[in-house]
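One-letter residues, chain by chain:
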Amino acid sequence: MPVVTMTERDPLAATGGGAPSTGVRRVLAALAGLLAAAVALGVAELVAALVGPASSPVVAVGNAAITLTPEPVKAFAIRTFGENDKIALIVGTLVVIALYALVIGLLGLRSRRLGVLGILLFGLVGVVAAVTRPAGGILYGLPALVGALVGAVALLALLPPLQTPVPAEDPVAVDPPTGTSPQHGLAGRVRDALGAGDRKGSGMDRRRFFLTSGVAVGVAAVAGGGGRLLQQRFDVAGERGDLALPRPASPAPALPVGADLARRVEGLTPLVTRNAEFYRVDTAITVPQIRPSDYQLTLTGKFDSPTSYTLQDLLDRDDIIERDITLTCVSNEVGGRLAGTARWLGVPLGAFLRENGIRDDSNQLVCTSSDGMTIGAPTRSALDVEDAMLAFGMNGEPLPVEHGFPVRMLIPGLYGYVSACKWLTRIDATTFDAFDPYWVQRDWAAEAPIKVFSRIDTPAPLRAFPPGRRAIAGVAWAQTRGIARVEVKVDEEDWAEAELSPEVDADLWRQWVLPYDFAAGQHSLTVRATSSDGETQTEQRAAPFPNGASGWHSVRVIVR
């Protein structure tokens, strides 16, 4: 009977089969890179639960991407994704990280040193993005740093099973040289791991790879899920719900009976927008969470008596006002939906600034949010616009967290990027010459009064409906001035004046309705508005950049 020696065995017998193909090895190496990145991100989320949600590498890199993205690309994102632009950014960031991780896995197969350096480079990007945020700090870099180190260890654990050397002789255990300590053996193995390349003729230990992969998936899931769960400790929803709002000394006037034409016209925008449906456009990927008990509003700059206020200081004032105000985002396209109305509650801004002795040589208020965003507002508008306020209530409840809780600024008649600072923590009375806020640094106009605007809500464009009488309806606004007239043009007919909802306040948009007898065929509908001071909405089209869109809104409808 022939004797089979150890050196005559199939070198891949221990790995469970024939020689692995290069393609399989590369696929698994790419998977190793992806799993190492998942471990890194999961551990980073866990560490971010100790530091703060904004320190998460994905959030930090996403915020940096917002800052560095050219304005045309931002405008495209808002136009394409609307209020889901941040979700799209996070998904895009994760896709880029995944592609990068796949490449790192392939590099690691060739040289583990390159793979480790690739992960550490990713960590460095996360550290820099986190610590350079306006509201960041040294500790904000900790999640990315720890995540990258753990990710590198994970990669070193995942790659060796793909690079198992073919045994050249009988694999009989050999005692280590005399005097060699276990610690020395471990250090040697680490050096070997970092220096190892892809050995030609090597095999694969698939079982070990998939076992290690399973451990990596578990670590990523537990650390990431646990981190997200622990980050809920920063959530202030409960404290917001417990906050009691004061009664206004000057309440908003009651809406006239039948003021909301949306009750009788299907498809027309309601006069007041529900909080859950109010548009949101800002740069905060992670919504700032400010505890009411921790809140402070600090006044600096050109004030005779600069000081700080707690939230309770503001709530306890005896001059609280309540007003119905329509807000509009400068990114709103012609016919866009980035506008909404709410009943706001807060401190009258003009009186507040005057009692603190704001000086005559200040022409700009630089408002800073808790996440470091700066918004520049004209001082004269803050002082002279009657309904300007520091708002802490919205539609009968404390401000929603995503809309600026606990305090935001509102100045009717100006686009939000120069008036509506959310999560407001500081007001610096200064000048336009002294400082350029965030959006002005990106070439948006320093002062941006809202333009006369109108929109067709119904009938919807290119949606077929039968011939007969049907309402053409929508909304129009010109905050601080009010809307005096809305006209509609059907095809080449003369302009026809629409019915307006009762005027309640110049800062509140007005609904309009025009019943029309539609004949079969395709029709073009166009709307224009005229403000109470006589300015008719311009026909000339302009993009939102740099100071707001303009032009008549037109839609085509199909009647059959």
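Above this text sits the structure in question.
A few points on the structure. Note that this is a predicted model, so its numbers are computed, not measured. (Residues numbered from 1 in each chain as written. Predicted model: local features only at pLDDT ≥ 70, side-chain atom pairs only at ≥ 80, totals over all residues. Heavy atoms only, no water.)

1. As for helix α5 (residues 112-131)
Short version of the rule: Secondary structure elements are taken from DSSP: a helix is a run of H or I of four residues or more, a strand is a run of E of two residues or more, and numbering for both begins at the N terminus. Expected helix span is computed as 1.5 Å times (number of residues minus one). Exposure classes here rest on a 1.4 Å probe applied to the protein chains alone. A residue is buried below 20% of its type maximum, exposed above 50%, and partly exposed in between. By definition, the arc is the one covered by directions from the helix axis to the C-beta atoms.
Taking 1.5 Å per residue as the helical rise, α5 with its 20 residues ought to reach 28 Å, and the 29 Å between its terminal C-alpha atoms agrees with that figure. Taken together, the buried positions of α5 are occupied by R112, G115, V116, G118, I119, F122, G123, G126, A129 and A130. For α5, the buried positions fall inside an angular range of 160° around the axis, keeping them on one side.

2. Comments concerning the side chain of S213
Threshold: Note on definitions: a residue-residue contact is assigned when non-hydrogen atoms from the two residues lie within 4.5 Å.
In this fold, S213 is placed in helix α8 (residues 206-230). The exposure class of S213 is buried, given its relative accessible area of 6%. In contact with S213, not counting residues within four places along its chain, are L35 and L158.

3. Details of the environment of V257
Its place among the elements puts V257 in the loop between α9 (237-242) and β1 (296-301). Spatially, the C-alpha atoms of V257 and P502 are 9.2 Å apart, while their sequence positions differ by 245 residues.

4. What about the sheet that holds strand β6 (residues 374-378)?
Within a sheet, neighbouring strands are paired by backbone hydrogen bonds and run either parallel or antiparallel to one another. Counted only if it meets this: Strands pair, by our definition, only if DSSP identifies at least two bridges between them. Between the N-to-C directions of two axes lies an angle of 0 to 180 degrees, each axis being a line fitted to C-alpha atoms and, for a helix, fitted only over the stretch in contact.
The strand order β2-β1-β10-β5-β6 describes an open sheet built from five strands, whose pairing is mixed. Only two strands of the sheet have a single partner each, and these edge strands are β2 (308-310) and β6. On average, each strand axis in the sheet is inclined to that of its neighbour by 20°, with strand direction left out of account. As judged from the four bridges shared by β1 and strand β10 (residues 424-430), these two strands associate in the parallel manner. Looking at the pairing, T298 lines up with R426 of β10.

5. Overview of the packing of helix α1 (residues 22-51) against helix α4 (residues 85-110)
In plain terms, the rule: Should an angle fall under 35 degrees it is called roughly parallel, over 145 degrees roughly antiparallel, and 65 to 115 degrees roughly perpendicular, with every other angle called oblique. By convention the crossing between two helices is left-handed if the near helix lies anticlockwise of the far one by an angle smaller than a right angle, and right-handed if it lies clockwise. Residues are sorted three ways: Asp, Glu, Lys and Arg are charged, Ala, Val, Leu, Ile, Met, Phe, Trp, Tyr, Cys and Pro are nonpolar, and all the rest, Gly among them, are polar.
Between α1 and α4, the least distance of the axes is 7 Å, while the angle of their chain directions is 125°. By the criterion of interaxial angle, the relationship of α1 to α4 is oblique. For the pair α1 and α4, the crossing hand works out as right-handed. Between α1, through R25, R26, A29, A30, G33, L34, A37 and L41, and α4, the contact on the second element is made entirely by L94, I97, A98, A101, L102, G105, L106 and L109. Looking at the contact of α1 with α4, its residues break down into twelve nonpolar, two polar and two charged.

6. Re the packing of aromatic side chains
For clarity, the threshold we go by: Two aromatic rings, drawn from Phe, Tyr or Trp (for Trp, its six-membered ring), form a pair once their centres lie within 6.5 Å of each other, and the interplanar angle then sorts them: stacked below 30 degrees, edge-to-face above 60, tilted otherwise. For a Lys NZ or an Arg CZ to count as sitting over a ring, it must be within 6 Å of the ring centre and within 35 degrees of the ring normal.
Scanning the model with the defined rule gives 14 aromatic pairs in all. Ring centres of Y309 and F352 lie 4.9 Å apart, and the angle between their planes is 55°; this geometry places the pair in the tilted category. Placement of the pair is Y309 in strand β2 and F352 in helix α11 (residues 349-355), with a sequence separation of 43 residues. Each member of the pair, Y309 as well as F352, carries the same accessibility label: buried. Between F465 and F518, the aromatic rings sit 5.1 Å apart at their centres with planes inclined by 85°, giving edge-to-face as the arrangement. With F465 in strand β12 (residues 464-465) and F518 in strand β17 (residues 510-518), this pair connects stretches of sequence that are 53 residues apart. Using a relative accessible area of 4% as the deciding quantity, one classes F518 as buried. Ring pairs connect the aromatic residues Y417, Y438, W439, W444 and F545, which therefore count as one cluster. In this structure, R470 is placed above the aromatic ring of F465, and the distance from its NZ or CZ to the ring centre is 4.4 Å.

7. Examining the pairing of strand β19 (residues 553-559)
Residues H553, V555, V557 and V559 of β19 are buried on one face, while the alternating residues S554, R556 and I558, pointing to the opposite face, are not. For β12 and β19, the ladder comprises two bridges, and the chain directions are parallel. The residue of β19 that forms the bridge with F465 is V559. Across seven bridges, the pairing between strand β18 (residues 521-531) and β19 is antiparallel. In the strand pairing of β19, L525 is matched with V555.

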